[in-house]
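Understanding the architecture of this molecule
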Amino acid sequence: MIVLGIESTAHTFSVAILDNKTVLSNEKSVFTTEKGGMIPVKVAEHHNKIKDNVLKKALEKANIKLHDIELVSFSQGPGLAPALIVGRDFAEEIADDLNVPIIGVNHCIAHLEIGRMLFPSCKDPALLYVSGANTQVIAYDGGKYRIFGETLDMGIGNFLDSFARFIGIGFPGGPEIEKLAKKGKEYIELPYCVKGMDVNFGGILTNVKQKYNSGKHKLTDLAYSIQETVFAMLIEVSERAMAHCEKNELLLGGGVACNKRLQEMAKIMCKDRDAKCFIPENQFLVDNAAMIGWLGLLMYKAGVRTKDIDIRPYERTDDVDVKWR
Ligand code: AMP
Ligand code: MG
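Please read all numbers here as calculations on a predicted model, not as lab measurements.

Observations concerning the packing of aromatic side chains
Inspection of every chain in the model, using the stated rule, returns 6 aromatic pairs. The lysine or arginine in question, Arg 305, covers the ring of Tyr 300, its NZ or CZ lying 3.7 Å from the ring centre. Seen from the ring of Tyr 140, Arg 325 lies directly overhead, with NZ or CZ sitting 4.0 Å from the centre.

Have a look at this one:
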């Protein structure tokens, strides 16, 4: 079955084409800003402007004609409402034109399901999902995907980007901080904010801004210490979730999981507890439409039909009925 996936929850607009498990194309265009954060309406303007072009590239790369598409899958939530609407309307238009079914999927669960598709031995993982807006540990339990730990304030990516913006090194900040951190040598003690299964970053952000302003520390050492501290927090809650849910597989997802130091820490923790660690290549870690197409296909084959295609900006992972497992 040939499926078209459309992703538009946040800054990334992506279109992918899959022939069952084979990803034929996975094209995207990312909204960026020099200054300030993401203004939802501006993100939607970006998506509207580039959507036809991204679709065209995805079709060309896959060597597929639009009328070969048999199912259209779109990310229904959670995300920024104006951005979600662009993807939903685009999906609806294509599905109507072609007279094929349309299916709406949960973005967070898509990050987990693409990992299970890419790695056949990844059967029942805990997902450490670390992106701009989201920071969650998700695992399958009692018939649902549930959240076993999450941020109580901002997402880890937003935390890294906020600090980067504060010190004027541009957006996205995560990769820049990673480069600086590689040159850091001295560990500077920072607040460590784990509360049970959850984490928070607001206090650390205030603290590192103060340390930066004091002029007493090298930026490279600060970047290094930020990574060591916040990644240790993430790995600690992941390990606790794995122990609690009795999972012996860890899967990474989200843009921050592109970070090599976080990947290294995840592998060390898994080795220590005899668990397997699965890390998709970057194109499947960041927001992408391949995962949306794949989850749509899984759900469709399990008999799920989307009647209500309203966007779901605040949908929670455990709101979703998992009929395909
Ligand atoms: P996503 O929302 O999943 O598309 O991920 C975007 C976030 O990933 C942004 O906050 C980036 O700063 C962050 N990011 C991307 N690459 C890296 C990296 N190498 N290290 C840390 N964060 C990263
Ligand atoms: Mg994401």
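Right, picking up where we left off after that structure.
Observations concerning the sheet that holds strand E4 (residues 71-77)
Spatially, E3-E2-E1-E4-E5 is the arrangement adopted by the 5 strands of the open sheet, whose pairing is mixed. Unpaired on one side and paired on the other, strand E3 (22-30) and strand E5 (102-106) mark the two borders of the sheet. Going from strand to strand, the sheet's axes swing by 20° on average, the running direction of each strand aside. The pairing of strand E1 (residues 2-7) with E4 spans 4 bridges and is classified as parallel. Residue pairing across strands places Gly 5 opposite Ser 73, the latter belonging to E4. Sheet strands in contact with helix H2 (residues 81-98) are E1, strand E2 (12-19), E4 and E5, and its direction is about 160° off that of E4.

With respect to the site of ligand 1
Around ligand 1 there are 17 residues in total, and Asp 161, Gly 174, Glu 178, Gly 255 and Asn 259 lie nearest to it. A distance of 2.7 Å is found between a nitrogen atom of ligand 1 and a side-chain nitrogen or oxygen belonging to Glu 178. Between ligand 1 and Asn 259, the relevant distance is 3.0 Å, taken from a nitrogen atom to a side-chain nitrogen or oxygen of the residue. In isolation ligand 1 has 510 Å² of accessible area, and contact with the protein removes 91% of it. Those elements that place two or more of their residues in the shell around ligand 1 are helix H4 (156-166) and helix H5 (174-182). In terms of residue class, the shell around ligand 1 is made up of 5 nonpolar, 9 polar and 3 charged.

What to know about the packing of helix H6 (residues 202-214) against helix H7 (residues 219-245)
The N-to-C vectors of H6 and H7 enclose an angle of 165°; their axes lie 11 Å apart at closest approach. Between H6 and H7, the interaxial angle falls into the category roughly antiparallel. Seen along the crossing, H6 lies across H7 with a hand that is right-handed. Facing Ile 204, Val 208, Lys 211 and Tyr 212 of H6, the residues of H7 in contact are Leu 219, Leu 222, Ile 226, Val 230 and Met 233. Among the residues forming the contact of H6 with H7, the class breakdown is 8 nonpolar, no polar and 1 charged.

Describing the layout of surface pockets
Space inside the largest pocket adds up to approximately 1200 Å³. If you go around the largest pocket, you meet 48 residues; those closest to its centre are His 11, Ser 131, Gly 132, Ala 133 and Asn 134. Looking at the lining of the largest pocket, the elements with two or more residues in it are E3, helix H3 (107-118), strand E7 (135-141), strand E8 (144-150), H4 and H5. The dominant element in the lining of the largest pocket, judged by the number of residues it contributes, is H4, at 6 residues. Across the lining of the largest pocket, the residue classes tally to 19 nonpolar, 20 polar and 9 charged. Taken together, domain 1 (2-111 + 284-319) and domain 2 (122-279) each give at least three residues to the lining of the largest pocket, which thus spans both. Taken as a whole, the second largest pocket holds about 270 Å³ of empty space.

A word on empty space enclosed by the protein
For the structure shown, the criterion picks out 1 cavity of 30 Å³ or more. Here the largest cavity defines a volume of roughly 30 Å³. Contributing to the lining of the largest cavity are Leu 128, Thr 135, Gln 136, Val 137, Gly 149, Glu 150, Met 197, Val 199, Leu 234 and Val 237. Elements represented by at least two residues in the lining of the largest cavity include exactly E7, E8 and H7. Here the lining of the largest cavity takes 3 residues from E7, the largest share from any one element. Of the residues that constitute the lining of the largest cavity, the class distribution is 6 nonpolar, 3 polar and 1 charged.

Some remarks on the sheet that holds strand E6 (residues 126-130)
One open sheet accounts for 5 strands, arranged E8-E7-E6-E11-E12; its pairing is mixed. Each having just a single partner strand, E8 and strand E12 (276-278) make up the two edges of the open sheet. The mean inter-strand angle of the sheet, taken between neighbouring strand axes irrespective of direction, is 25°.

Here we look at the pattern of salt bridges
Where charged atoms from two side chains of opposite charge come close, those side chains can pair. As enumerated under the stated definition, the model contains 15 salt bridges in all. With a closest N to O distance of 2.8 Å, Arg 261 and Glu 228 form a salt bridge. Taken together, the positions of Arg 261 in helix H8 (residues 260-272) and Glu 228 in helix H7 put the pair 33 residues apart, joining distant regions of the chain. In this structure, Arg 316 and Asp 318 form a salt bridge, with 3.9 Å as the shortest nitrogen-oxygen distance. A residue is classified by how much of its surface remains accessible, and Asp 318, at 25% relative accessible area, is partly exposed. Overlapping salt bridges, with partners in common, bring together Asp 124, Lys 247 and Arg 325 in one network.

Rules used in this analysis
- Residues numbered from 1 in each chain as written.
- Chains lettered and ligands numbered in written order.
- Predicted model: local features only at pLDDT ≥ 70, side-chain atom pairs only at ≥ 80, totals over all residues.
- Heavy atoms only, no water.
- Phe/Tyr/Trp six-rings, centres within 6.5 Å; stacked < 30°, edge-to-face > 60°.
- Lys NZ or Arg CZ within 6 Å of the ring centre and 35° of its normal.
- Pairing = 2+ DSSP bridges.
- Helix = DSSP H or I, 4+ residues; strand = E, 2+ residues; numbered from the N terminus.
- Axes fitted to C-alpha atoms, helices over the stretch in contact; angles between N-to-C directions.
- Contact = heavy atoms within 4.5 Å.
- Near = heavy atom within 4 Å.
- Polar contact = N/O pair within 3.5 Å; in protein donor to acceptor, adjacent residues only side chain to side chain.
- Areas by Shrake-Rupley, 256 points an atom, 1.4 Å probe, with all protein chains shown as cover.
- Nonpolar A, V, L, I, M, F, W, Y, C, P; charged D, E, K, R; others polar.
- Parallel < 35°, antiparallel > 145°, perpendicular 65-115°, else oblique.
- Left-handed = near helix turned anticlockwise from the far one by under 90°.
- 1 Å grid on protein atoms, 1.4 Å probe; cavity = no way out; pocket = protein on both sides within 12 Å on 5 of 7 lines; lining within 4 Å.
- Points joined across faces, edges and corners; volume = space filled by probe spheres on them.
- Domains from an automatic or database assignment.
- Salt bridge = Lys/Arg side-chain N within 4 Å of Asp/Glu carboxyl O.
- Buried < 20%, exposed > 50% of the residue type's maximum accessible area, 1.4 Å probe, protein only.

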